[in-house]
There are 4 protein chains.
Amino acid sequence: MTNAVTRVHVWGSSGYAAAEAIRILLRHPFVELGALESRSHAGERLGDHFPALRAQRRRFDREGSVAEQLTAGDVVMMAGARDEAKSVAPRLLERGARVIDFSADFRLDDEAVYGLTEWNREKIARSSLVANPGCYPTAALLALLPLARFDRPAQIVVDAKSGITGAGRNPAVSSLYAEVAGDIRAYGLQTHRHQPEMERTLQAHGFGAPLLFTPHVVPLARGMLSDAYAIYQGGAPPEHDVRAAFEDVYGTAPFIRLVDGESAPSVAAVTGTNDAELRVDVRSNTVRVLCALDNLGKGAAGQAVQNMNVMLGHPEEAGFR
Amino acid sequence: MTNAVTRVHVWGSSGYAAAEAIRILLRHPFVELGALESRSHAGERLGDHFPALRAQRRRFDREGSVAEQLTAGDVVMMAGARDEAKSVAPRLLERGARVIDFSADFRLDDEAVYGLTEWNREKIARSSLVANPGCYPTAALLALLPLARFDRPAQIVVDAKSGITGAGRNPAVSSLYAEVAGDIRAYGLQTHRHQPEMERTLQAHGFGAPLLFTPHVVPLARGMLSDAYAIYQGGAPPEHDVRAAFEDVYGTAPFIRLVDGESAPSVAAVTGTNDAELRVDVRSNTVRVLCALDNLGKGAAGQAVQNMNVMLGHPEEAGFR
Amino acid sequence: MTNAVTRVHVWGSSGYAAAEAIRILLRHPFVELGALESRSHAGERLGDHFPALRAQRRRFDREGSVAEQLTAGDVVMMAGARDEAKSVAPRLLERGARVIDFSADFRLDDEAVYGLTEWNREKIARSSLVANPGCYPTAALLALLPLARFDRPAQIVVDAKSGITGAGRNPAVSSLYAEVAGDIRAYGLQTHRHQPEMERTLQAHGFGAPLLFTPHVVPLARGMLSDAYAIYQGGAPPEHDVRAAFEDVYGTAPFIRLVDGESAPSVAAVTGTNDAELRVDVRSNTVRVLCALDNLGKGAAGQAVQNMNVMLGHPEEAGFR
Amino acid sequence: MTNAVTRVHVWGSSGYAAAEAIRILLRHPFVELGALESRSHAGERLGDHFPALRAQRRRFDREGSVAEQLTAGDVVMMAGARDEAKSVAPRLLERGARVIDFSADFRLDDEAVYGLTEWNREKIARSSLVANPGCYPTAALLALLPLARFDRPAQIVVDAKSGITGAGRNPAVSSLYAEVAGDIRAYGLQTHRHQPEMERTLQAHGFGAPLLFTPHVVPLARGMLSDAYAIYQGGAPPEHDVRAAFEDVYGTAPFIRLVDGESAPSVAAVTGTNDAELRVDVRSNTVRVLCALDNLGKGAAGQAVQNMNVMLGHPEEAGFR
């Protein structure tokens, strides 16, 4: 495909991930923005809701705008509430749209391709419905999947620290400044909303070990650091081999940066980008893999645009550098 | 009055100021807590809503509890929503309660005594209904009233910076962590909710100059720094005299700390206390007075307890040190 | 001049403003980076010191590198310590360099053109030595200079709130996270380092009124909101005329955004950009002008690159959008 | 021993932990402050360095003051630099002092009693030299030691998140506000300064499993959340038994709060206190124990005063409630 300009609509455009998608798409050389549909903000200026879009004079479009403006070959980024994409997406697909869904609606589904770009490029390229991964699963899976070529660990522990935008922009007491500042908060200690998404992909890659996932909120607007620990019964694979596996898998991936020596993955280094930083160490029975990414970037809107690039045949980096 | 124990009820106990009042009252030697009435949190533990009250096993009481438990001589701290105190307080007063209202309901009213403690001690001591001042007016008035003995300024400018708890605990997008962090926000540029409260007291002390008040939110949970500028037409009063006036007025006030030399009022130094720090400088036509206080302390719950102490005949510092 | 590529050296590249300049210059279509001279970090990777430059493999160059690599027509951004530019710049200028100095060394000087771009475009275009303004003066002067066409105010008050990067990257206790978080801090209450720079330009535009400038640090890495108050004796000029003056002066300026109505200048909206947001209101005797900018953007490195664009004949926006 | 007043000196009083110790000791009913020796701040006011001590008029004492003022039976809190306590403490002990050392100097030593209060009360009561534990080891050991009564785990993983005051008050670029805000940072990925202290105590309680410890800094002045994971080969002990073990060990400990159900340990709930919150869950092979504490409270100065109380025969809570 040539680098013709594609129209991209955003359905459900009033959340943080939607705003980040719009921000990226505005600079994308092969994209023109179509409808920016928002039930709650229809008619209001983008810039009145999102400081990073302040310079934009555009307004949010009213409900139904995507359906009205859609023509075959358009892309629709679905960033609305959970449970809505499931009913809306099929109609868009019928009309020839390519759909990238940010919600969890299709992630446990066989209809859609799971959009963990670095691990699914070919399927994504052939698909018209991509389930864009959650931020926690993205960080955990980027860290763990390269270990699939070794003997399997007996236990997996994922300890993730996230900024609060991961909880969305709906006002909730627990997301207030005065509640988040000065605290570190573990949550989901009994139920694990993101765990099935991780387990499904881990199992598909042959990991049978139990996974213990513990998410935390730290005082940060955006960014995530996830520490994945793979614990082996008979001794972990040699560090040299594990590092080689990561080099092998990610050496040419444009958005993955492997760090070592004195360096550690840093949230500040990936904020506002689609980059992920990874570092792997082996200590006796355990392989520890740290992954830093922006929960709104590689953990949401960034990866969505990366997937769109793959679907449209553009270079993965188009629109990012 | 001897230091007998008084029962104190909190009506509308689910906001930040109420929680701070409860925290202070729990340590107060001459107080026992009565009903902690909360419509929204009735039956739930204090500690599940307020980390600083985590160790408390008490639960919020249901609607109507204050009225049920009230006996003559009790104190009621009214920390509920605006417009409700106006209708509830009279019934409590009839039954012999002393009422301290945190809302703006009575601040522009002649029924109640305005509870700016340092300026109204005697009236407060004789009153059974105190309108507890807002945080912005407290900071501005503590800074400006000592100037009443000099020729009057031609213009007053108050530029205040506040933490976000001043906006309350009701969830609003503008109070979310991701909106407050990384921003400095002026607001109320067209309408001035707190301005009439300031003007009323300034006028009562003979200030006729126009007041321009500009509030700002900075990334901080609690605390306020207010810069008041009194601009004179014929030259400001001499710095020596102005400093003497502040010493005269506040020299023995237990919660007011005058700083000078290399020191500046600091929010960190007053957070969690009922203290206010003031500093005055004179520069050509202008007297500049900085005031730092905790918007939940001297700006709300702290001053309320200070007022209660005055009403009950206790030392002002009772329960604070 | 055509849009040929110019070599730009950065002398003193280890501070926050230098890093921001490098970040902008790396994306600039008409620039190639020359020496990045740093005494303290020579030989070390950019990305090990600045997260935003993490993807760069370049290393800081050793002392003397700018002098070695300089050829006539190159640009040198001087971002080193105060008092050094004064002795180094003349030698660079002799060899045909264009010099933009970030320090205060040349700001009170007649040798250099003062680089407040919107007010000095023509002189900057003809100059080879530009004194890049400080962040506080930039915000105050952008706010006040449009008032020069009206009768002059009797008093000027500037109350500025800044992020801590304005204090530089040299480690000092007062810049530590644990000191800045949770505090609002006025400083320079007795002496005013930036005041002469503001006064010089105000006087050159005919303002004779005393200026009272009060800077504050708030818990923020970068960004500044400055409230300028011009107080008039005989009544302020009419709001309609004042707004028209701002439209007249800034209406076509690519980096100045005038806001009104319900909107307020927002630091979050300008962070990471060279934009400044301004809002003007008139209230009885006072014109109040709020200005938000990024102290590292329009307040330092952004304006430096904007000035460079003017010096080289590029569009002002080159490298920014 | 009766509750007579003991003189307490602080040697090396210019760091965050020393300031917190002074703050607690000032309210302690059975303590009078002796020398507050500080090489760097001698002669300066406490309140000019520490906002929380602003109301104090006392000044730091000069070098040698502790030695001059010491009499037998006094307590010395040693909060100076590492490697100094080792040479100074013996001379103080000879003169009849009780010494509590905040540094790592004596923690791996048999001369001193390790001051993890809940696990060493009796030895502490009989000792005159207590090595006060580090914040990371305190959180990890409180979480893991109750598991000593079960079969031993095959691997231990400790993933800790800390505020930046744990790094001390010496100015370092990595502790600057602008470096800590907006980032989550793992560190010590190759070497582990605190690991030997944890391992020594774990081994003394019979744990032979390898320990993988990963500390992180999050944007927070004070507070720590530590997640300890004990991974078992043949299945973890039953949750019911594990919870019973924690109840058994900590049920009457005045500063330990066990949380469960919907609750999670919260840093905000322990900041400024000597409390620690713990929560234990068992998931297939793994026992996960979360521990929240204030790194300056239970992780340093709070535990030091708690240890002092034990040494002097006071109730553990003396001075805290």
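As a reminder, the structure under discussion sits directly above these lines.
The structure presented is a predicted model; accordingly, all values stated were derived computationally and were not measured.

Caption draft 1: The sheet that holds strand E3 (residues 75-78) of chain A, seen in detail. All names here are of chain A. As summarised here, the arrangement of the six strands in space is E2-E1-E3-E4-E6-E5, forming an open sheet in which the pairing is parallel. Each edge of the sheet is formed by a strand with only one pairing partner; in this case those strands are strand E2 (31-37) and strand E5 (113-114). Judged from the two bridges that link them, E5 and strand E6 (residues 129-131) form a sheet pairing that is parallel. Considered in E6, the bridge of Val-113 is made with Val-130. The strands that helix H4 (residues 85-94) touches are strand E1 (6-11), E3, strand E4 (98-101) and E6; relative to E3, the one it contacts most, it runs at about 180°. Sheet contacts for helix H11 (residues 297-312): E1, E2, E3, E4 and E6; angle to E4, the most-contacted strand, approximately 155°.

Caption draft 2: Here's a closer look at the relation of the copies chain D and chain A. In screw terms, the move from chain D to chain A is a rotation of 180° and a rise of 0.0 Å along the axis, fitting with an RMSD of 0.0 Å. Here the symmetry operator amounts to a two-fold rotation axis. The C-alpha atom lying nearest the rotation axis in chain D is that of Pro219(D); the distance is 3.0 Å. Interface overlap between copies: 100% of the residues of chain D at the interface are likewise at the interface in chain A, consistent with a symmetric, same-surface contact.

Caption draft 3: Structural context of the interface of chain D and chain A. Taken together, the contact pairs 43 residues of chain D with 43 residues of chain A. Carbon and sulfur atoms make up 58% of the area that chain D and chain A hide from each other, which totals about 3,400 Å². At the boundary of chain D and chain A, one finds two salt bridges. The residue Asp159(D) makes a salt bridge to Lys161(A) at a minimum N-O spacing of 2.9 Å. Seen at the junction of chain D and chain A, the total is 26 residue pairs in polar contact (both at pLDDT 80 or more). Ranked by residue count, the leading element in the side of chain D that touches chain A is strand E10 (residues 224-231) of chain D, at five residues. The residue makeup of the side of chain D that touches chain A, split by class, is 20 nonpolar, 14 polar and nine charged.

Caption draft 4: Quick look at the pairing of strand E4 (residues 98-101) of chain B. All names here are of chain B. With four bridges connecting them, strand E3 (residues 75-78) and E4 associate as parallel partners. Across the sheet, residue Val-75 finds its bridge partner in E4, namely Arg-98. With helix H4 (residues 85-94) bridging E3 and its parallel neighbour E4, the resulting β-α-β unit is right-handed. Pairing of E4 with strand E6 (residues 129-131), which is carried by three bridges, proceeds in the parallel orientation. If you follow Val-99 over to E6, its bridge partner there is Leu-129.

Caption draft 5: Structural context of the nonpolar core. Ranked by size, the top nonpolar core spans 84 residues in total, and within it Leu25(A), Met77(A), Met308(A), Leu25(B), Met77(B) and Met308(B) carry the most contacts. Not counting residues within four places of it along the chain, the set of residues in contact with Met308(B) comprises Val8(B), Leu25(B), His28(B), Val31(B), Val75(B), Met77(B) and Ile100(B). Core analysis: the next-biggest nonpolar cluster, separate from the first, contains 82 residues, Ala17(C), Phe102(C), Phe50(D) and Met311(D) among them.

What counts and what doesn't
- Residues numbered from 1 in each chain as written.
- Chains lettered and ligands numbered in written order.
- Predicted model: local features only at pLDDT ≥ 70, side-chain atom pairs only at ≥ 80, totals over all residues.
- Heavy atoms only, no water.
- Pairing = 2+ DSSP bridges.
- Helix = DSSP H or I, 4+ residues; strand = E, 2+ residues; numbered from the N terminus.
- Contact = heavy atoms within 4.5 Å.
- Axes fitted to C-alpha atoms, helices over the stretch in contact; angles between N-to-C directions.
- Least-squares fit on C-alpha atoms with pLDDT ≥ 70 in both.
- Buried area = accessible area lost by both parts, 1.4 Å probe.
- Salt bridge = Lys/Arg side-chain N within 4 Å of Asp/Glu carboxyl O.
- Polar contact = N/O pair within 3.5 Å; in protein donor to acceptor, adjacent residues only side chain to side chain.
- Nonpolar A, V, L, I, M, F, W, Y, C, P; charged D, E, K, R; others polar.
- Right-handed = clockwise from strand over helix to strand, strands pointing away.
- Core = buried A, V, L, I, M, F, W, Y, C linked by side-chain atoms within 4.5 Å.
- Buried < 20%, exposed > 50% of the residue type's maximum accessible area, 1.4 Å probe, protein only.

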